[in-house]
Amino acid sequence: MGRAGIYEQLTQVFRDVFGDDSIKVTPEMTAKDVEGWDSLSNIRLIVTIEKTFKVKFTTSEIGKLEKVGDLAALIEERC
Amino acid sequence: MKTLFTELRWLPTVPENFGILLKALETSSGPIGRNIQFLAAHRLDLNQLTRLAKAIGKAKSEGKQLEPLVKFKLAVVSNSTIDLIVPALVASAARYGIALDVIQPSYDQVAQEALTPNSRVNNAKPDAVLFALDYRALPLKFSVGDSTACNASLEDAMSYLQMLQTAIKSNCGALCIFQTFAAPPENLFGSLDRALPGTQRYLLDSINRQLAVSAVASGDVLFDVAGIAETVGLADWHNPRSWNMAKIPFAEEFVPLYADGAARIVAAIRGKSRRVLILDLDNTIWGGVIGDDGVEGIKVGQGDAGGEAHLAVQKLALDLRQRGIVLAVSSKNTDEVARAPFIHHPEMLLKLDHFAVFQANWNDKASNIVAIAEELSLGLDALVLLDDNPAERGLVRSLLPQVAVPELPDDPADYARTLSAAGYFEAVSFTAEDLKRADFYQESAKRATMMKQHGGVEAYLASLDMTITFQPFDATGRKRIVQLINKSNQYNLTTRRYTDPEVAALENDPSAFTLQVRLADIFGDLGMISVVICRLFDRVTWEIDTWLMSCRVLGRKVENLVLNEIIKHARAIGVSRLTGTYRPTSRNELVKDHYAKLGFKKVTEENTGLTRWELMIEEAKLEEAPVKIISQGVFTEDRVLAS
């Protein structure tokens with residue numbers, strides 16, 4: 001899957017998780033850019049991404065994520 | 001197969017326009033309960049449940065009407081993070097017609113919330129408290145191979161749980177819901193862990209067994225979370241990463257299943273479990289089409305994998321019938337053809353006399369299902385339809401959304417498991433009456449036939465040789481009383497719902513007069529069929545708080561006999577006036593004129609249709625009926641007037 005494909009699917013995941021169909025993810029996007037992105041919804045985000053892309057992240061990988069670009073890079077590495 | 005459970009596969013798939021339908025809730029101005037319930041009735045994942053819960057919360061905060069959803073206030077106390085679970089609970093409860101208010105105290109404040117009289121939980125006066133505890137909440141000491149220490153640890157754990165229960169009872173009187181504890185997969189020896197006292201596995205096995213017995217025996221409720229975890233697999237259930245990161249008690253993928261399970265329990269407490277299983281015939285309870293294949297050609301029975309699959313459906317239906325679920329048939333067939341396998345096929349487990357209603361004709365299924373509901377005097381929301389045909393399922397769902405229609409997998413081998421997984425018949429208690437309920441409905445059919453033969457109603461009633469028994473509420477009858485109070489919809493004047501502890505309190509309430517009424521006739525024992533609660537309003541007046549009756553005994557003058565009994569006790573203690581209220585609901589039109597028929601005078605009528613009535617006892621006319629009356633228990637002046 002190319003990077004564009006990853007971002008497209010990530011956008012859909014973000015819309016499902018945060019219940020906002022206007023979200024469009026970008027590499028520099030962080031938690032403060034999305035309404036309702038807190039530590040708890042972050043858990044829903046991670047498990048939804050894992051299910052969608054059929055990947056698993058380790059605790060320390062999740063701990064290091066700071067922005068959407070980090071997520072996309074991690075997914076690209078695995079897929 | 002795990003996905004059957006994790007994805008709630010018995011529910012239909014989520015509509016494409018889920019997001020748009022959610023938005024529509026926001027703009028709608030009328031009551032939106034039905035729209036919410038419609039959305040909740042699909043196989044929503046955790047994100048969708050969260051979104052629906054958010055929409056429900058928003059509607060509530062804007063003061064929108066959630067009718068016909070019924071309110072239930074649930075406090076959830078836990079030793080773990082339940083913030084992901086709570087929205088799922090709210091959305092799942094809507095699936096069962098419940099508008100759930102959740103009281104969620106701070107993280108890991110279990111004992112404090114229970115023991116402090118003015119804690120958030122106790123102050124909120126919830127209907128029930130869910131102790132969402134996992135094994136980490138228990139004060140367990142591992143003492144491998146030391147039975148004395150093991151027993152001491154078990155005792156500590158059980159006393160801890162009982163302390164929580166006692167505290168909640170005395171501080172707010174709520175019903176307690178206890179979870180069984182899912183054992184983590186880590187072990188010390190391997191298989192020996194199960195056998196050796198003091199291992200974690202041994203301790204949790206023992207606690208689960210003891211808790212199951214004590215929770216139900218005390219009138220509280222058991223939520224078998226260990227059973228759910230075992231069903232989907234303990235290795236997946238316990239997710240160390242989720243616990244380490246956020247103290248989430250089990251893997252997130254199981255939240256929809258857990259929440260549906262909890263919602264079923266709440267629904268069962270409110271009497272919303274289903275009571276009738278309607279079976280389609282062709283390719284549902286046998287393989288093939290009877291009209292084409294004939295009795296010899298259909299597949300049912302041992303020796304053929306397909307035949308065994310359909311036999312398993314019959315076995316489940318029969319087992320359900322034995323626990324009191326009423327069976328009916330709805331089939332597009334010629335009646336005689338449809339009945340043939342039940343009479344002539346040697347391997348059929350189900351026989352014609354297992355069914356309360358048998359509808360085989362060429363009408364559409366929806367009309368037939370309405371006819372079945374009418375014949376049984378039950379609401380559509382008491383029915384489940386098992387049908388292999390997706391078109392019929394879709395038709396019934398769209399025309400009769402109150403009827404539960406499980407989706408079925410492609411392979412009939414999985415039909416029985418899917419029906420069972422859907423949990424339509426969840427119950428929080430089980431009484432002798434339940435065991436006999438399926439027979440009751442068939443006996444009613446026989447009684448109806450006799451009525452036709454006897455002509456006159458009086459002669460018919462006399463021929464029934466009835467015995468009616470009146471008693472005040474007591475511990476023995478309590479389970480059935482609670483069940484009737486929470487289940488009766490039609491013959492129910494006020495539809496007030498009370499939990500087990502509330503009913504228990506009435507047993508010793510000196511200002512309350514209560515009746516549990518049983519009836520027997522030549523066809524059998526009908527068990528408890530009516531419940532009455534009167535409260536002393538002033539020294540000479542009883543306000544009838546609750547009056548309900550099972551529709552099975554309609555037309556037998558039971559209500560007149562009950563009134564006679566009330567009057568007898570009222571007179572004995574100098575009460576001279578009875579007042580009663582009819583509170584209309586969507587289901588109790590039947591009793592609109594109940595008080596008028598009994599000679600009460602209407603006092604007021606509100607524009608909601610609510611009416612208030614009174615009867616001066618000296619003016620009351622007592623109706624005679626050919627019935628043997630047994631009146632037990634004494635209501636002395638002390639008892640009723642002590643307040």
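What you see is a predicted model; the values in this text were computed from it and never measured.

Listed by partner, the interface residues are 14 residues for chain B and 17 residues for chain A. Roughly 1,300 Å² of surface becomes buried between chain B and chain A when both sides are summed, with 60% attributable to carbon and sulfur atoms. Along the contact surface separating chain B from chain A lie 1 salt bridge. Residues Glu 50 of chain A and Arg 241 of chain B are paired through a salt bridge, measuring 2.6 Å at the closest nitrogen-oxygen approach. At the surface where chain B touches chain A, the tally comes to 4 residue pairs in polar contact (both at pLDDT 80 or more). Mapped onto the side of chain B that touches chain A, the elements with two or more residues apiece are α4 (46–61) and α12 (240–246) of chain B. The element that contributes the greatest number of residues to the side of chain B that touches chain A is α4 of chain B, accounting for 5 residues. When grouped by side-chain class, the residues that make up the side of chain B that touches chain A number 5 nonpolar, 3 polar and 6 charged.

The next thing to look at is helix α1 (residues 3–18) of chain A. With 16 residues, α1 of chain A should reach 22 Å at 1.5 Å per residue; the first-to-last C-alpha distance of 22 Å fits that figure. Within α1 of chain A, burial applies to Ile 6, Tyr 7, Leu 10, Thr 11, Val 13, Phe 14, Val 17 and Phe 18 of chain A. Where the residues of α1 of chain A are buried, they touch α2 (39–53) and α4 (68–78) of chain A together with α4 of chain B. Note on α1 of chain A: the residue one or two positions beyond its end, Gly 19 of chain A, has a positive phi of about 60°.

For the rest of this paragraph, the subject is the sheet that holds strand β3 (residues 128–132) of chain B. Residues and elements named next belong to chain B. Ordered by their spatial adjacency, 5 strands build an open sheet running β2-β1-β3-β4-β5, and the pairing between neighbours is parallel. Of all strands in the sheet, those bounded by a partner on one side alone are β2 (98–103) and β5 (221–223). The sheet shows a mean angle of 30° between the axes of neighbouring strands, taken without regard to direction. Direction of pairing for strand β1 (residues 70–78) relative to β2: parallel, over a ladder of 6 bridges. If you follow Leu 74 over to β2, its bridge partner there is Val 102. Its contacts with the sheet place helix α5 (residues 85–95) against β1 and β2, and it is angled at close to 160° to β2. On the sheet, helix α8 (residues 147–171) packs against β3 and β4 (175–179) and is oriented at approximately 160° with respect to β4.

Note on helix geometry: an α-helix contains 3.6 residues per turn, so any two residues three or four positions apart are oriented the same way. All names here are of chain B. Residues of helix α3 (residues 33–40) that are buried include every one of Gly 33, Ile 36, Leu 39 and Ala 40, and no others. Taken end-on, α3 shows its buried residues confined to a sector of 130°, consistent with a single buried face. If you follow the buried residues of α3, they end up packed against α2 (18–27), α4 and α5.

Attention now goes to a nonpolar patch on the surface. A cluster of nonpolar side chains, namely Val 144, Leu 188, Phe 189 and Leu 192 of chain B, defines an oily patch on the protein surface of about 390 Å² accessible area. For Leu 192 of chain B, a relative accessible area of 43% puts it in the partly exposed group.

This brings us to the nonpolar core. Residue and element names in this part refer to chain B. Leu 52, Trp 237 and Leu 277 are the most contacted members of the largest nonpolar core, which has 102 residues in total. Ranked by residue count, the leading element in this core is helix α13 (residues 255–269), at 10 residues. With residues near it in sequence (within four places) discarded, Leu 52 still touches Leu 22, Leu 25, Ile 36, Leu 39, Ala 40, Leu 44 and Ala 91. Met 466, Tyr 491, Leu 515 and Leu 615 belong to the second-largest nonpolar core, a separate cluster that totals 45 residues.

Looking now at the packing of aromatic side chains. Under the counting rule described, the total for this entry stands at 17 aromatic pairs over all chains. On the numbers, 5.6 Å between centres and 45° between planes, the contact of Phe 14 of chain A with Phe 18 of chain A is tilted. One end of the pair is Phe 14 of chain A and the other is Phe 18 of chain A, both in helix α1 and 4 residues apart, which spans about a single turn. Just as Phe 14 of chain A is buried, Phe 18 of chain A falls in that class too. Judged by centre distance (5.4 Å) and plane angle (85°), the rings of Phe 342 of chain B and Phe 355 of chain B are edge-to-face. Taken as a pair, Phe 342 of chain B in helix α16 (residues 335–344) and Phe 355 of chain B in strand β8 (residues 355–361) lie far apart in primary sequence, 13 residues in all. Under the relative-accessibility criterion, Phe 342 of chain B is labelled buried at 4%. Taken together, the aromatic side chains of Phe 223, Trp 237, Phe 250, Phe 254 and Tyr 258 of chain B make up a single cluster linked through ring pairs. Above the face of the Trp 243 of chain B ring, Arg 136 of chain B is positioned so that its terminal group lies 3.7 Å from the ring centre.

Reading the values: the criteria
Residues numbered from 1 in each chain as written. Chains lettered and ligands numbered in written order. Predicted model: local features only at pLDDT ≥ 70, side-chain atom pairs only at ≥ 80, totals over all residues. Heavy atoms only, no water. Contact = heavy atoms within 4.5 Å. Buried area = accessible area lost by both parts, 1.4 Å probe. Salt bridge = Lys/Arg side-chain N within 4 Å of Asp/Glu carboxyl O. Polar contact = N/O pair within 3.5 Å; in protein donor to acceptor, adjacent residues only side chain to side chain. Helix = DSSP H or I, 4+ residues; strand = E, 2+ residues; numbered from the N terminus. Nonpolar A, V, L, I, M, F, W, Y, C, P; charged D, E, K, R; others polar. Expected span 1.5 Å × (residues − 1). Buried < 20%, exposed > 50% of the residue type's maximum accessible area, 1.4 Å probe, protein only. Pairing = 2+ DSSP bridges. Axes fitted to C-alpha atoms, helices over the stretch in contact; angles between N-to-C directions. Arc of directions from axis to C-beta. Patch = residues over 30% accessible without salt bridge, like charges linked within 9 Å, V, L, I, M, F, W, Y side chains within 5 Å. Areas by Shrake-Rupley, 256 points an atom, 1.4 Å probe, with all protein chains shown as cover. Core = buried A, V, L, I, M, F, W, Y, C linked by side-chain atoms within 4.5 Å. Phe/Tyr/Trp six-rings, centres within 6.5 Å; stacked < 30°, edge-to-face > 60°. Lys NZ or Arg CZ within 6 Å of the ring centre and 35° of its normal.

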